[in-house]
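Below, each chain spelled out in residue letters.
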Amino acid sequence: MSFHDHINLISKLTLLKGKSSLRTLRSYYRSKNGYYQDPALPISIAFEPTTSCNLRCPECPSGLRSFTRATGMLNVDFFKSQIDQMKSHLWYLTFYFQGEPYLHPDFLNMVNYAGRRGIYTATSTNAHYLNDEKAEATVKSGLDRLIISIDGTSEDTYQQYRVGGKLEKVLEGTRNIVKWKQRLKSKIPYLIFQFLVVRPNEHQIEDAKLLAKEIGVDEIQFKSAQVYDFEIGSRLIPENQKYSRYFRNSEGKYSLKNPLDNQCWKMWQSCVITWDGKVVPCCFDKDAEHVMGDLKKQSLEEIWYSNRYQTFRKAILTSRSKIDICKNCSEGLDVSLTDV
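Let us look at the structure shown here. (Residues numbered from 1 in each chain as written. Predicted model: local features only at pLDDT ≥ 70, side-chain atom pairs only at ≥ 80, totals over all residues. Heavy atoms only, no water.)

A few words now on the overall build of the protein. Counting secondary structure elements, the protein contains 12 helices and 12 strands. In terms of overall size, the protein behaves like a compact globule, its C-alpha atoms giving a radius of gyration of 20 Å where 340 residues would be expected to give roughly 20 Å. Overall, the protein is about 55 × 50 × 40 Å in size when its C-alpha atoms are taken along their principal axes. If you take every contact in the protein between residues at least 6 apart in sequence, the share linking residues at least 24 apart comes to 69%. By element, 50% of the accessible surface of the protein is carried by carbon and sulfur atoms, the whole surface being about 15300 Å². Averaging the locations of the 47 positively and 39 negatively charged side chains of the protein gives two centres separated by 5 Å. (Helix = DSSP H or I, 4+ residues; strand = E, 2+ residues; numbered from the N terminus. Rg over C-alpha atoms; globule rule 2.2 N^0.38 Å. Contact = heavy atoms within 4.5 Å. Areas by Shrake-Rupley, 256 points an atom, 1.4 Å probe, with all protein chains shown as cover. Lys, Arg positive; Asp, Glu negative; His and termini not counted. Charge placed at Lys NZ, Arg CZ, Asp CG, Glu CD.)

So, about the environment of H203. Within the secondary structure, H203 sits in the loop between β5 (190-197) and α9 (205-215). We classify H203 as exposed; its relative accessible area is 56%. Between the C-alpha atom of H203 and that of E239, which follows or precedes it by 36 residues, the distance is 9.9 Å. From its side chain, H203 meets the backbone oxygen of P200 in a polar contact 3.4 Å long. (Buried < 20%, exposed > 50% of the residue type's maximum accessible area, 1.4 Å probe, protein only. Polar contact = N/O pair within 3.5 Å; in protein donor to acceptor, adjacent residues only side chain to side chain.)

Turning to the nonpolar core, a few remarks are in order. Core analysis: the biggest nonpolar cluster contains 86 residues, and I45, F47, F79, L93 and F193 have the highest contact counts within it. Residues in contact with F193, not counting those within four places in the same chain, are I148, I150, L171, T174, L211, A212, I215, V217, E219, I220 and Q221. (Core = buried A, V, L, I, M, F, W, Y, C linked by side-chain atoms within 4.5 Å.)

Right, let's get into the pattern of salt bridges. Tallying each qualifying case throughout the model produces 14 salt bridges. D144 serves as the salt-bridge partner of K12, at 3.8 Å between the closest nitrogen and oxygen. Separated by 132 residues along the polypeptide, K12 in the loop between α1 (3-10) and α2 (15-32) and D144 in the loop between α6 (132-141) and β4 (145-149) bring together distant segments of the chain. Exposure remark for K12: the relative accessible area of 15% places this residue in the buried category. Across the salt bridge formed by K278 and D276, the nearest N and O atoms sit 3.6 Å from each other. Look at K278 and you get partly exposed, because its relative accessible area is 25%. In the salt-bridge network here, residues are joined through shared partners; they are D276, K278 and D294. (Salt bridge = Lys/Arg side-chain N within 4 Å of Asp/Glu carboxyl O.)

What follows covers a nonpolar patch on the surface. Taken together, F3, I7, I10 and L13 make up a surface patch of nonpolar side chains, about 410 Å² in accessible area. When you line up the elements, F3 lands in helix α1. (Patch = residues over 30% accessible without salt bridge, like charges linked within 9 Å, V, L, I, M, F, W, Y side chains within 5 Å.)

Here we come to the packing of helix α8 (residues 167-183) against α9. The axes of two packed helices give the description: the angle between them and the distance between them. Two elements in contact, α8 and α9, have axes whose closest approach is 10 Å; the angle formed by their N-to-C orientations is 40°. Relative to α9, the element α8 is oriented oblique. Taken together, the residues of α9 that come into contact with α8 (itself represented by L171, T174, R175 and V178) are L211, E214 and I215. Counted by class, the contact of α8 with α9 contains four nonpolar, one polar and two charged residues. (Axes fitted to C-alpha atoms, helices over the stretch in contact; angles between N-to-C directions. Parallel < 35°, antiparallel > 145°, perpendicular 65-115°, else oblique. Nonpolar A, V, L, I, M, F, W, Y, C, P; charged D, E, K, R; others polar.)

Turning our attention to the environment of L295. As for its placement among the helices and strands, L295 is situated in the loop between β11 (293-294) and α11 (300-304). Relative accessible area serves as the criterion here: at 5%, L295 is assigned to the buried category. Distance in space between the C-alpha atoms of L295 and G277 is 5.2 Å, their sequence separation being 18 residues. Other than its neighbours up to four places away in sequence, L295 contacts F78, Q82, M86, I273, G277, V279, L300 and I303.

As for its position among the elements, T24 is in helix α2. With near-sequence residues (within four places) excluded, T24 lies in contact with P39, A40, W265, W268 and Q269.

Between α6 and α8, the least distance of the axes is 9 Å, while the angle of their chain directions is 50°. Here α6 lies oblique to α8, going by the angle between them. The two elements α6 and α8 meet at a crossing, and its hand is right-handed. Residues D132, A135, E136, T138 and V139 of α6 pack against N176, I177, K179, W180 and K181 of α8. Of the residues that constitute the contact of α6 with α8, the class distribution is four nonpolar, two polar and four charged. (Left-handed = near helix turned anticlockwise from the far one by under 90°.)

Put into structure tokens, the structure is as follows:
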């Protein structure tokens, strides 16, 4: 994160948001030390624009079309009403959970709506829809952070994970964003290449750094890949252990590097809202199996302080390794960031 991006994020902080953050931080540390305490209302939320996607990436429920939950689009009026209720405590808003955000026809209007209410906005995209017109609209929308999935520096390597995609489209879309940032003299969106490191592309890590510099993105991040049946190994697990969530154990099988300590900051400061209004505790709950409540029937405050949510947070503190959605968690493992 650059100095400017830090300043931009801090500029969204209000006295009330600051107090909420401190209350949440205090409650988290008290809870970790055996004195459970509810946090303030979430300061960070992920809103899912859609579950639809144009690609078919392996290990992705959206790409594999393997959801048990319905596919659909976020209702704009519902979104706006929720943002109006959350704006006093909400600091950071991610427009992403599953699916491709730019498939939602009103995506950038929602970005602009949240931004005008003092909320830092971010999204992640496969960049296939960033034509010249959409890139201009993206910069003008006020989006603060744009993560573009790159995952390869040659067409054949890229397509081994981004099935159905074209690297050429990704690079064209990225250049369009860079061009319109320069033309409009805009520092935002802060532009990030995200390189998901898998065995077919790990030999291109240095090439990816050079490509990011050549195009003019602000930062490149290297992320470890999730593999569902990792115990038996996978063609996707990289040889370079620095970029793997897993290690080969003494029995020849694979184990998760993350020790899954009985703690999780995300459970205190954030949540995820699906396109149809369900609240789930984490972005690893991709099929929304742990629904804490329904915003079309309850307020966020009712859900956040419900017995169900309290029970889930307490389970994190006592037996996290037994919770299914935690078993592939990479929090704390993706640490390779390169400013360009």
